[in-house]
There are 2 protein chains.
Amino acid sequence: MKNRLSEGARAAPAGTNERPTLKTIAFMTGLGITTVSRALKDAPDIGTETKERVRLVAAQIGYQPNRAGVRLRTGKTNVISLILSLEEEIMGLTSPMVIGISEVLATTQYHLVVTPYRAQGNALDPVRYVLETGAADGVIISRTEPKDPRVALMMERNFPFATHGRTEMGLTHPYHDFDNERFAYEAVRKLVEQGRKRLVLLQPPPYLTFYLHMRAGFERGIRDFGATAVPFNEVNLDSSLVDIRRAAENLLRAPNAPDGIVSGSGSGAVALVAALEADGLKLGEHIDLVSKESQMLLQWLRPEVMTMREDIRLAGRELAKAVIARIEGRAPEELQTLSYPIPTGET
Amino acid sequence: MKNRLSEGARAAPAGTNERPTLKTIAFMTGLGITTVSRALKDAPDIGTETKERVRLVAAQIGYQPNRAGVRLRTGKTNVISLILSLEEEIMGLTSPMVIGISEVLATTQYHLVVTPYRAQGNALDPVRYVLETGAADGVIISRTEPKDPRVALMMERNFPFATHGRTEMGLTHPYHDFDNERFAYEAVRKLVEQGRKRLVLLQPPPYLTFYLHMRAGFERGIRDFGATAVPFNEVNLDSSLVDIRRAAENLLRAPNAPDGIVSGSGSGAVALVAALEADGLKLGEHIDLVSKESQMLLQWLRPEVMTMREDIRLAGRELAKAVIARIEGRAPEELQTLSYPIPTGET
DNA sequence: CAAAATCACTATATCGTTACAGTTTTCCCA
DNA sequence: TGGGAAAACTGTAACGATATAGTGATTTTG
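Residues numbered from 1 in each chain as written. Chains lettered and ligands numbered in written order. Predicted model: local features only at pLDDT ≥ 70, side-chain atom pairs only at ≥ 80, totals over all residues. Heavy atoms only, no water.

Novice: Any chance you could break down the sheet that holds strand β12 (residues 342-343) of chain A for me, citing the residues and the numbers?
Specialist: Residues and elements named next belong to chain A. Read from one edge to the other, the open sheet built from six strands follows the order β7-β6-β8-β9-β10-β12, with strand pairing classed as mixed. If you trace the sheet from one side to the other, it starts and ends with β7 (228-229) and β12, each paired once. As judged from the two bridges shared by strand β6 (residues 198-202) and β7, these two strands associate in the parallel manner. Within β7, the position partnered with Leu199 by the bridge is Ala229. On top of the sheet, helix α12 (residues 266-278) reaches β6, β8 (260-263) and β9 (288-292); it is set at about 160 degrees to β9, its chief contact. (Pairing = 2+ DSSP bridges. Helix = DSSP H or I, 4+ residues; strand = E, 2+ residues; numbered from the N terminus. Contact = heavy atoms within 4.5 Å. Axes fitted to C-alpha atoms, helices over the stretch in contact; angles between N-to-C directions.)

Novice: Break down the protein's contact with DNA strand D for me, citing the residues and quoting the values.
Specialist: As a structural note, the neighbourhood of DNA strand D is formed by 26 residues, with Lys41(A), Tyr63(A), Arg73(A), Gly32(B) and Thr35(B) the closest of them. Separating a phosphate oxygen of DNA strand D from a side-chain N or O atom of Ser37(A) is a distance of 2.8 Å. In this structure, Gly69(A) approaches DNA strand D through a main-chain N or O atom, which is 3.2 Å from a base nitrogen. Elements with a minimum of two residues in the surface near DNA strand D: α2 (33-40) and α4 (67-74) of chain A together with α2 (33-40) and α4 (67-74) of chain B. A breakdown of the residues in the surface near DNA strand D according to their chemical character gives nine nonpolar, 11 polar and six charged. (Near = heavy atom within 4 Å. Polar contact = N/O pair within 3.5 Å; in protein donor to acceptor, adjacent residues only side chain to side chain. Nonpolar A, V, L, I, M, F, W, Y, C, P; charged D, E, K, R; others polar.)

Novice: How would you sum up the interface of chain B and chain A? Please name residues and give values.
Specialist: When the parts come together, some accessible area is lost, and that loss is often what is quoted as the size of the interface. At the junction of the two partners, chain B supplies 46 residues and chain A supplies 46 residues. Around 4100 Å² of area is buried between chain B and chain A when both sides are counted, 68% of it from carbon and sulfur atoms. Summed over the shared surface of chain B and chain A, the number is zero salt bridges. For the pair chain B and chain A, the number of links is 11 residue pairs in polar contact (both at pLDDT 80 or more). (Buried area = accessible area lost by both parts, 1.4 Å probe. Salt bridge = Lys/Arg side-chain N within 4 Å of Asp/Glu carboxyl O.)

Novice: So what about the sheet that holds strand β8 (residues 260-263) of chain B? Which residues, and what values?
Specialist: All names here are of chain B. A sheet is described by the order of its strands in space; here six strands give the open sequence β7-β6-β8-β9-β10-β12, paired in mixed fashion. Each having just a single partner strand, β7 (228-229) and β12 (342-343) make up the two edges of the open sheet. Where β8 lies against strand β9 (residues 288-292), four bridges are found, and the strand directions are parallel. The partner of Gly260 across the bridge, within β9, is Asp288. The sheet contacts of helix α9 (residues 180-193) involve β6 (198-202), β8, β9 and β10 (306-309), and relative to β9 the element is tilted by about 160 degrees. Sheet strands touched by helix α12 (residues 266-278): β6, β8 and β9. Its angle to β9, the strand with the most contacts, is close to 160 degrees.

Novice: An account of the pairing of strand β10 (residues 306-309) of chain A is requested, with residue identities and associated values reported.
Specialist: All names here are of chain A. Looking at chain direction, β9 and β10 are connected through three bridges and run parallel. Across the sheet, residue Val290 finds its bridge partner in β10, namely Met306. Sheet analysis places β10 next to β12, joined by two bridges and oriented antiparallel. Across the sheet, residue Arg309 finds its bridge partner in β12, namely Ile342.

Interpretation in functional terms is not warranted from these geometric data alone.
Structure (structure tokens):
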């Protein structure tokens, strides 16, 4: 009944196997473009039967909305921007993070755009870029600082984002974080259980939030389990492995050298092992080491190193879910998650 | 002189600190939108002085073309799509690859979109997606097969792309590859120099092109240096480290066990080391191992392992340059590069 | 039974950009 | 001096989608 091809025949779309648009569907169903658009959006003012018909045809010809069209008209980009620091590459965190995010985005319309920045000082640039050009609907950042200007900026603009790592600005925003406090605390416990007393921490660079957490867990462990903290500030997790090794060799040769080490990363631990063995020390005998570990490397090549795992891929998944939820308007306080050290051996 | 604000005053753009568009510049200069557009494109029919003026204003207000507008009108997305397999994450190749690509794209207008696919069988899906939706101007793929359907498809459609790894289809396309033939050949040389005679290769999965190269180099080395190849087909570089270790333990306990191993990846080598030590063998004494190595892990924890480096970040840079050149119309035969094993110790 | 409300659908304008087809103005040359 | 061409600029339409403001039937309601 309703299928009158009424006033002024609609133009047939040009090429036969061009990419279908709303116009194509409109032509095929005899409806107006607007109707098709609204039908696909399940708008309340379109008849049930019509919606059915439109959906059928759309599925049949494999219609997919033109992203540029939508973006131009509505401003919605369907893009999540992952902003990363080149330092992360050194730690090898990028791969599993990207994979984790992708796993979640694959079930949505979102694409993942990766934007790295060079030096520490430029961390704000990519965020500004996204804000100014509207390049994405949401942003994921990592390596947060206690007072993070990127977080301040995006909060001020009310722009959806999620952070890998927490902040300390009294602002409530979505985050996912690994419990580095717990990690360091448990690490100290293990060392003391081995009879170690003079402990050092190979820690994050001091301007990052998780420095505070890891440091706090370490200090708390020192107090609770009755050990002594030996300072080790010449290098940190961002230093090159060569520098870490050199600094550790010096430390271990100094008077009052430590007999237990906590390493905040697996690759850092490798440098530490190289250093202590160069100094003729034996793991498990003269000294003990607890480390984060991502693969099975340490576990197999130096089983004496005690390890705990941090699941970065999970972090990627959580962060992706959080930004999307934020874009959809969920409250930030519901989008904060923590993950915990995984005892080596478990999945 | 030319600055007449002539017939029918042009509408002033709305909000004061909205994002500037061509319209904004047109209003500020008193020119038409078309003129501004063409001026910024350095078109020949615009006066030199006018171009200057437009460029100045554009720079002043920080004009950046709206990507959605350009994309809708011209079809140019200014996007490069990196398509990766989840297997790559296991090898940890993603990070440096992404960084390398980004380094190059940062100097251009291109954005990097990362699209992973799940299982081996779905490798074509993301390529089809890009082709069908026009989601990118160019594509980078890796893990090529000798007859690679993705390459065939993109060649047929004349779509710009570059591959990490070569193919063997008689089609000329841009690629970057590591010389795995040379790597394996040199590895065999080193082992024979240590007096090793019965050699195995921990090789790539057989359906990938670089299996052929690595295998060929290995066999050639065996012939040239007079050694024997011991088969080892139960596992390959895509196998889990646990499986590799188990298979290697069995191999080493069998009669006629090898006394030299070539490993196509650093993490594979870790599993091999774990296996041979579990069997009570000593590196450099009962057996020798040559491996690719990306970090300093093996070098420091098992200096007895001989290593060569593959620069994945460089690969990323080369691939990015190649796709872009291809998009700009350069001939594919000019866009094929190889990189060579880097002796450990050099940068 | 006329006025109001509801239902199902549609035309138009617009987002920012560029291809194309003009329009003026100036200048040159026969 | 007039015709033609070159130089410099501009209006319109279109890319594909959607927000807004309709239109014309049909149904409800007082």
